[in-house]
Structures are given as structure tokens and as C-alpha cells.
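So the chains spell out like this:
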Amino acid sequence: MSAVVNATLPVFALILTGWLAARARVLGPGATDALNRYVVYLSLPALLFRAMAQARLDELLHWGFIAAFWGGICITFAAAMLAGGLRARLADRSIEGLAASYANAGYMGIPLCLAVLGPASMPPAIITTLLTACALFACAIALIEYDQHRQQHWSATLYKVGRALARNPLLIAPLAGALWAALGPALPQGLDRYVELLGASASPCALVTIGLFLAQAQPASGGAAVGRLVAGKLLLQPAATAALAFGVFSMPPLWAWCAVLMSALPIGTGPFMLAQLYGRSATTTSRAILLSTVLSVITISALVAWIQQFHPA
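Below is a summary of the structure that appears in this document. Since the structure is predicted, the reported quantities are computational estimates derived from the model, not experimental observations.

## Some words on the overall build of the protein chain
Then, number 1: When its secondary structure is counted, the protein chain shows 15 helices and 0 strands.
Then, number 2: Relative to its 313 residues, the protein chain shows a buried fraction of 51%.
Then, number 3: By sequence separation, contacts in the protein chain at least 24 residues apart represent 85% of the contacts at least 6 residues apart.
Then, number 4: Summing over all exposed atoms, the protein chain offers an accessible surface of approximately 13800 Å²; the carbon and sulfur share of this is 67%.

Now the structure itself:
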């Protein structure tokens, strides 16, 4: 229980900090967009680049684990998109699918895995973080860009989607990091420290931004959608991942438990950032992030107790 509380408390505190800053008018109405753009264009790309540049790709390619965790993501993403209704815009359904399957892996997941499963869980925890922050993000961005350009001829649509993806820092950064890792050299100490400092501000700034957004006057709506996203993230995704990790694909027990634990995390800040960036409604995603984080204290505590019966750290 203490591991879960220690992992979730900073999240609540940072969201509350943003909310109080907005209420006290320390940060004005323009701060929400400014902070969000800072995270999307500077801080988060630095975090993704460094994560990929430091990863040893040969140690991370455990295909059974990847298939189980990615399969849980795909099942949840598709279910959320279908539940959103086929008449809704693809961009909005993509953001809902992202919200239902985007775990708060880097900020909460890695510390939680270390506390529950020990240092041996670091490699699979890194894989889940990369799959969430890079692969899942890339798929959602591609769908949103396609929705924005699909009214044109198919060749023009493909060209504009490709150009938009090629210019998106959230896709360029991890690809550049993977290329750097493949070439072999370590980041120079000064450059590594700079990227580390810039990337370290991504999660705190994103969470403060959510608090700023929640402090703005908003109509109370979207309760059903919020419930769907929270149920998908906290219930459907870990259940689907567990079925695949234990019943379909082969992997060490610790890796299977890590897949389930990481898939059970609350919603991360990525869906909110994309909704803001593309001018879609961020009300549902921001409330789903907050509610899933609150409820995860209960759901993850129960899961941790279950894990420790079979796999004590």
C-alpha cells in the first residue's frame, strides 16, 4: 500500500499545485497552452530521445513480452474507439482510445515496479515505457493527422500525413535516440546532462498543466465517457494483458507480472497533451486522468497484494 501511495501522491500534489496556481492567478489563462507546448516541443522529446539513446536494444527485444503488453494496448484502444461511437470524428475517438490505453509508465510505473518486483523488473518496465510513450503515441498521432487531411485526394492525404509525422518532435526524438543507440557511442557527458535536465521537467510540467486546465470554468459533462476511459484503463487493459502474458505468450513470471502491473497504471498525461495540441476537447481526458489516478490507489493496491502472494520481492 505504501508503495502505491508514494507513487501516486506526487501526481496528486502536482495537479493540485497547478490548480492552486490558477485559482490564485499566479499563472494566467495563457499558461496552460504555453506549458503544454513546452512539454510537447522541448521537454518530452528530450526525455524520449535520452530513453532510446540509453536503451540496449538487444536486451529489450523480448517478443513474447512485447506482444502481450502491446496486445493489451490494442484491445483497449480498439474497445474505447468503438465505445466512442462511429459517428464521432476519428481524431476524437483516437484521443479516447489513447486515454484508455496510455499508462503513466515513466512517472509512476518504473518506481512502482522497482518497489514491488525489485531491480530485475527494470528491463521490462523500460520496454513498456517505450511502447507507451513512443509506439502508442505514434499510432495516435498518425490517426489524428489522417483525420485532419483525409478530405483530400488519397495521394495528397498520404503526403500531408507523412510530412506532419516527419515534423512531429514526439516521433523524431525517439527515432533519433534509437539511431544514436544503434550507432553505439554514449552521449557526451555535457549533452547527456542537458538532455536529462530538460527531459526531467516533462512529467511535472504536464501534471501542473492538467491542474491549470481543471481550474478553468468548465461545464460538468462527459461523465459517461470519463467512466468508459477509466474502466478501460484500470480494468480492461490489465485483464487483457494478464490473459495474454499468462495464457498465450511465453516469458519469465517476473516479466509477466511486470506487464500486468504496468498495464494497470492510471492514465498518463499524453492524451491531454495531444488533445490540447490538436485543439480537441481536453475536458474528458483531464478528468479521466484525475479520476483514474485517484481510483488506482485502490486497484493497484489490490493488484500489488495479489502479486506479492505469488512473487514476493
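## Describing the pattern of salt bridges
Then, number 1: The final tally for this structure, using the stated rule, is 5 salt bridges.
Then, number 2: Linking Arg 228 and Glu 96 is a salt bridge whose minimum nitrogen-to-oxygen distance equals 3.5 Å. Of this pair, Arg 228 sits in helix α12 (residues 223-247) while Glu 96 sits in helix α5 (residues 90-101); the two residues are 132 residues apart in sequence, bridging distant segments of the chain.
Then, number 3: Take Arg 228: its relative accessible area is 34%, and that puts it in the partly exposed class.
Then, number 4: Beyond isolated ion pairs, a larger network of salt bridges with shared partners links Arg 50, Asp 192, Arg 193 and Glu 196.

## Section: the side chain of Thr 32
Then, number 1: When you line up the elements, Thr 32 lands in helix α2 (residues 31-54).
Then, number 2: When sequence neighbours within four positions are dropped, the list of residues in contact with Thr 32 reads Thr 209, Leu 212, Phe 213, Gln 216 and Gln 276.

## Description of the side chain of Arg 93
Then, number 1: Mapped onto the elements, Arg 93 comes out in helix α5.
Then, number 2: Buried charge without a partner: Arg 93 forms no salt bridge, and the closest opposite charge is Asp 147, 6.8 Å away.
Then, number 3: Contacts of Arg 93, omitting those with residues within four sequence positions, involve Met 81, Gly 84, Gly 85, Leu 86 and Ala 88.

## A look at unusual backbone geometry
Then, number 1: One non-glycine residue, Arg 25, adopts positive backbone phi at about 60°.
Then, number 2: In this fold, Arg 25 is placed in the loop between α1 (2-23) and α2.

## Remarks on the nonpolar core
Then, number 1: Of all hydrophobic cores here, the largest spans 94 residues; its most connected members are Leu 44, Leu 98, Leu 117, Phe 137, Leu 261, Met 262 and Leu 274.
Then, number 2: Looking at which element gives the most residues to this core, the answer is helix α7 (residues 122-149), with 11 residues.
Then, number 3: If we skip the residues at most four places from it in the chain, Leu 98 touches Phe 77, Leu 136, Phe 137, Ala 140, Gly 270, Pro 271 and Leu 274.

## Quick word on the packing of aromatic side chains
Then, number 1: In the structure shown here, the tally under the stated rule is 5 aromatic pairs.
Then, number 2: Their ring planes at 45° and their centres at 5.5 Å tell us that Tyr 102 and Phe 137 sit as a pair that is tilted. Taken together, the positions of Tyr 102 in the loop between α5 and α6 (105-117) and Phe 137 in helix α7 put the pair 35 residues apart, joining distant regions of the chain.
Then, number 3: Accessibility expressed as a relative area gives 8% for Tyr 102, which makes it buried.
Then, number 4: When the centroid spacing of 4.9 Å and the interplanar angle of 65° are considered together, the rings of Phe 246 and Trp 257 count as edge-to-face. Of this pair, Phe 246 sits in helix α12 while Trp 257 sits in helix α13 (residues 253-263), and the two are 11 residues apart along the sequence.
Then, number 5: Taking relative accessible area as the criterion, Phe 246 reaches 44% and is therefore assigned partly exposed.
Then, number 6: The rings of Phe 246, Trp 257 and Trp 306 are connected pair by pair, giving a single aromatic cluster.

## Observations regarding a nonpolar patch on the surface
Then, number 1: A cluster of nonpolar side chains, contributed by Leu 290, Leu 291, Val 294, Leu 295 and Ile 298, occupies part of the molecular surface with about 380 Å² of accessible area.
Then, number 2: Along the chain, Leu 291 falls in helix α15 (residues 283-310).

## Side note on the environment of Phe 65
Then, number 1: For Phe 65, the position within the fold is in helix α4 (residues 63-83).
Then, number 2: On the basis of relative accessibility, which here comes to 0%, the residue Phe 65 falls in the buried class.
Then, number 3: As for Phe 65 and Met 251, which are separated by 186 residues in sequence, their C-alpha atoms are 6.4 Å apart.
Then, number 4: Leaving out residues up to four positions away in the same chain, Phe 65 has contacts with Pro 124, Ile 127, Thr 128, Met 251, Trp 255 and Ala 259.

## What to know about α7
Then, number 1: Between its first and last C-alpha, α7 extends 40 Å over 28 residues, near the 40 Å set by a 1.5 Å rise per residue.
Then, number 2: The sharpest bend along α7 reaches about 30° and sits at Leu 131.

Rules used in this analysis
Every residue gets a number counted from 1 within its own chain, in the order that chain's sequence is written. Since the coordinates come from a predicted model, pLDDT governs what is reported: local features require at least 70, and pairs of side-chain atoms require 80 or more to be given and counted, while whole-chain, interface and lining totals use all residues. With hydrogens and water stripped out, all remaining heavy atoms of the structure feed into the side-chain values. Working definition: helices are DSSP H or I runs of at least four residues, strands are E runs of at least two. Numbering for both runs from the N terminus. The rule is simple: take the accessible area with a 1.4 Å probe, protein chains only, and divide by the maximum for that residue type; under 20% is buried, over 50% is exposed, in between is partly exposed. Any two residues whose heavy atoms approach within 4.5 Å are treated as being in contact. Here the open area of atoms and residues is found with the Shrake-Rupley method and a 1.4 Å probe, where only the protein chains shown may cover a residue. Salt bridges, as used here, are contacts in which a Lys or Arg side-chain nitrogen is within 4 Å of a carboxyl oxygen on Asp or Glu. His residues and chain termini do not enter the charge count, which takes Lys and Arg as positive and Asp and Glu as negative. Grouping buried Ala, Val, Leu, Ile, Met, Phe, Trp, Tyr and Cys residues that are joined through side-chain atoms within 4.5 Å yields what is termed a nonpolar core. Pairs were defined over the aromatic rings of Phe, Tyr and Trp, the Trp ring being its six-membered one, requiring ring centres within 6.5 Å. Orientation was assigned from the angle between planes: stacked under 30 degrees, edge-to-face over 60, tilted for the rest. A patch is a set of surface residues, each over 30% in relative accessible area and not in a salt bridge, joined within 9 Å for like charges and within 5 Å for the nonpolar side chains Val, Leu, Ile, Met, Phe, Trp and Tyr. The length a helix should cover is 1.5 Å for every residue beyond the first. Bend is the name given here to the angle between axes fitted to two runs of seven residues, the run ending at a residue and the run starting at it.

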